[in-house]
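Fold and contact review
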Amino acid sequence: MKLTLSEAAAMLAHANKVVITAHENPDGDAVGSSLGLMHILHGMGKEAVVLLDDDIPAIFKVLPGYDIIGKPEEGQASVEADLLVILDTAPNRIGRVPEVTKAGTVLNIDHHRTNNGAAEYTYVDDTRAATAEIVYDLAKELGAVFTREPAMCIYTGLATDSGFFRFSNTTPHTMRAAAEMLECGVTANEISEALEEKPYQVVKDTAEAVNMAERFADGRAIGIFLDEATTARMEATEGFIGAIRVVEGVDVAVVLKAKEEKLCRVSMRSKGVDVSAIALSFGGGGHIRAAGCTLSMPFAEAKKTICTAIEQAIRDLQQAAVHKAGMSGEGH
Ligand code: 5GP
Ligand code: MN
């Protein structure tokens, strides 16, 4: 069932014991919105824990509460709660969290337009740059007080999902929320320096990956395609797509990683094409300009499949532009 912001806030207000989770392969918004909500609820005198079914990258140690994030263990006793809150994803990417949580009610809060609404209660606002921005909205609705602890976490979610306030999803509301977090004691450079820091080998791997980049679709697309052996050798690949999306003339950037013999992960970024539609057509999702999916096929087939889909989407967009220009030219 779809909720309004005030209905979602009321559910939080009525719960006393809350388990918070977010998507596997957690990013700054997943970790930041989860810990941010946890601190807000603690400030309201409630019990709240964060459970994420994945390892949390060490760069997020800068966030207050990093050390108390729990991970579901095989055969562990179930955690009882009034409410399970799922952040920054639909309920299908949270691993074993539902198996170890006995919650009366499930509330899903997300900013992805592709959210499938499968949770018992869902609040989606795809105009928000980050789920952390919705956590900010909810905290405001609840009249919560922002101390430095939630502010650091919410700021991190806002900053990371908006590319540090540069992407098209950045709105005046995003920046006002961030400004308020700064007023609550956030030190912006402490967060950016922690998040930007990379091991030496990761910088070398990025150079190698950028060297492998191939342009296609007449230079309107660019991709890094990592076979299984290369993927296994490279530790952190998150930065690769940012390094190639800047190439002149490129609309769509893609990174494909073969994880197993018949399992490839795809990340896409765009300037015009709706990559969430491409991702959705393969069972994934995301935003218009940032999306991902998993292809259950061998490396070579996955590469061909995703390149063909991207080429087609670029052609469709060009044709639509020509059509529009033709229409507007009529009668002049
Ligand atoms: P990234 O490329 O950074 O992994 O993901 C870009 C965006 O697409 C993020 O907002 C992420 O949540 C979403 N996304 C990535 N992969 C998937 C997927 O397999 N399924 C869905 N639903 N969303 C995804
Ligand atoms: Mn997000």
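All chains use their own residue numbering, which begins from 1 and follows the written sequence. Chain letters and ligand numbers both follow the written order, the letters beginning at A and the numbers at 1. Under the rules for a predicted model, residues below a pLDDT of 70 receive no local features and side-chain atom pairs below 80 are neither given nor counted, while totals for whole chains, interfaces and linings still include all residues. Values shown for side chains rest on all heavy atoms present in the structure; no hydrogens or waters enter the calculation.

**Remarks on the environment of threonine 147**
Labels follow the DSSP assignment, with helices taken as runs of H or I lasting at least four residues and strands as runs of E lasting at least two, numbered in each case from the N terminus. Within the secondary structure, threonine 147 sits in the loop between α4 (131–141) and α5 (148–161). Taking the C-alpha atoms as reference points, threonine 147 and glycine 185, 38 residues apart in sequence, are found 7.6 Å from one another.

**A word on the pattern of salt bridges**
For salt bridges, the criterion is a side-chain nitrogen of Lys or Arg within 4 Å of an Asp or Glu carboxyl oxygen. Throughout the structure, instances matching the rule amount to 11 salt bridges. With a shortest N-O distance of 3.6 Å, glutamate 74 and arginine 96 are connected by a salt bridge. On the criterion of sequence distance, the pair formed by glutamate 74 in the loop between β2 (47–50) and β3 (79–87) and arginine 96 in the loop between β3 and α3 (97–100) is long-range, its members being 22 residues apart. Only protein chains enter the calculation, and the probe is 1.4 Å; a residue is then buried if its accessible area is under 20% of its type maximum, exposed if over 50%, and partly exposed in between. Assessed through its relative accessible area of 28%, arginine 96 is described here as partly exposed. A salt bridge links glutamate 208 to arginine 233, with the nearest nitrogen and oxygen atoms 2.8 Å apart.

**Let's talk about the pairing of strand β7 (residues 221–226)**
With 6 of its 6 residues buried, β7 lies for the most part within the structure. In β7, alternate side chains face the same way, and those of Ala221, Gly223 and Phe225 on one face and Ile222, Ile224 and Leu226 on the other are all buried. Relative to β7, strand β6 (residues 214–216) runs antiparallel, the two being bridged by 3 bridges. The partner of glutamate 214 across the bridge, within β7, is glycine 223. Two strands qualify as a pair provided DSSP detects at least 2 bridges between them. If you look at the hairpin formed by β6 and β7, you'll find 4 residues sitting between the two strands, and alanine 217 has a positive phi there, around 55°. Across 6 bridges, β7 lies against strand β8 (residues 252–260) in parallel orientation. In the sheet register, phenylalanine 225 faces β8, and the bridge partner there is leucine 256.

**Notes on the site of ligand 1**
One heavy atom within 4 Å of a molecule or strand is enough for the residue carrying it to be called near that molecule or strand. In the vicinity of ligand 1, 13 residues are found, and the nearest of them are His112, Arg265, Ser267, Arg269 and Gly285. Taking histidine 287, its side chain carries an N or O atom lying 3.2 Å from an oxygen atom of ligand 1. Values of accessible area rely on a 1.4 Å probe in the Shrake-Rupley scheme; residue burial ignores everything except the protein chains shown. Against a free-state accessible area of 490 Å², the protein chains account for coverage of 80% of ligand 1. Considering each element in turn, the shell around ligand 1 owes the most residues, 4 residues, to strand β11 (residues 290–295). Amino acids are sorted into nonpolar (Ala, Val, Leu, Ile, Met, Phe, Trp, Tyr, Cys and Pro), charged (Asp, Glu, Lys and Arg) and polar (every other residue, Gly among them). Classifying every residue of the shell around ligand 1 by side-chain character gives 3 nonpolar, 7 polar and 3 charged. Any pair of N or O atoms that falls within 3.5 Å is considered a polar contact. Within protein, one atom must be able to donate a hydrogen and the other to accept it, and sequence-neighbouring residues count only if both atoms are side-chain atoms.

**Side note on the nonpolar core**
In this structure, Ile20 and Ile154 are the most contacted members of the largest nonpolar core, which totals 55 residues. Once residues within four sequence positions are removed from consideration, isoleucine 20 is found in contact with Ser34, Leu37, Met38, Leu41, Ala48, Val49, Val50, Leu51, Val85 and Leu87. We call a set of buried residues a nonpolar core when its members are Ala, Val, Leu, Ile, Met, Phe, Trp, Tyr or Cys and they connect through side-chain atoms within 4.5 Å of each other. The next biggest cluster of nonpolar side chains, apart from the first, holds 26 residues, and it includes Phe216, Val275, Ile278 and Ala302. In what follows, a contact means two residues having at least one pair of non-hydrogen atoms within 4.5 Å.

**As for the domain arrangement of the protein**
For the domains described, the bounds stem from an automatic or database domain assignment. For the protein, the domain assignment lists domain 1 (5–196) and domain 2 (200–324). With centres defined by C-alpha atoms, the gap from domain 1 to domain 2 works out at 27 Å. Every contact between the two is made by 7 residues of domain 1 and, on the other side, 10 residues of domain 2. Here's the idea: put two parts together, see how much 1.4 Å probe accessible area each one loses, and the total over both is what we call buried area. With both chains or domains summed, domain 1 and domain 2 bury close to 660 Å², and 49% of this area falls on carbon and sulfur atoms. For the pair domain 1 and domain 2, the interface holds 1 salt bridge. With a shortest N-O distance of 3.4 Å, arginine 113 and aspartate 274 are connected by a salt bridge. Where domain 1 meets domain 2, there are 4 residue pairs in polar contact (both at pLDDT 80 or more). Considered class by class, the residues forming the side of domain 1 that touches domain 2 number 1 nonpolar, 5 polar and 1 charged.

**Some points on unusual backbone geometry**
One non-glycine residue, asparagine 25, lies in the positive phi region at around 55°. Of note, asparagine 25 is situated in the loop between β1 (17–22) and α2 (28–43). Residues other than glycine seldom take positive phi values, yet aspartate 218 does so here, at roughly 55°.

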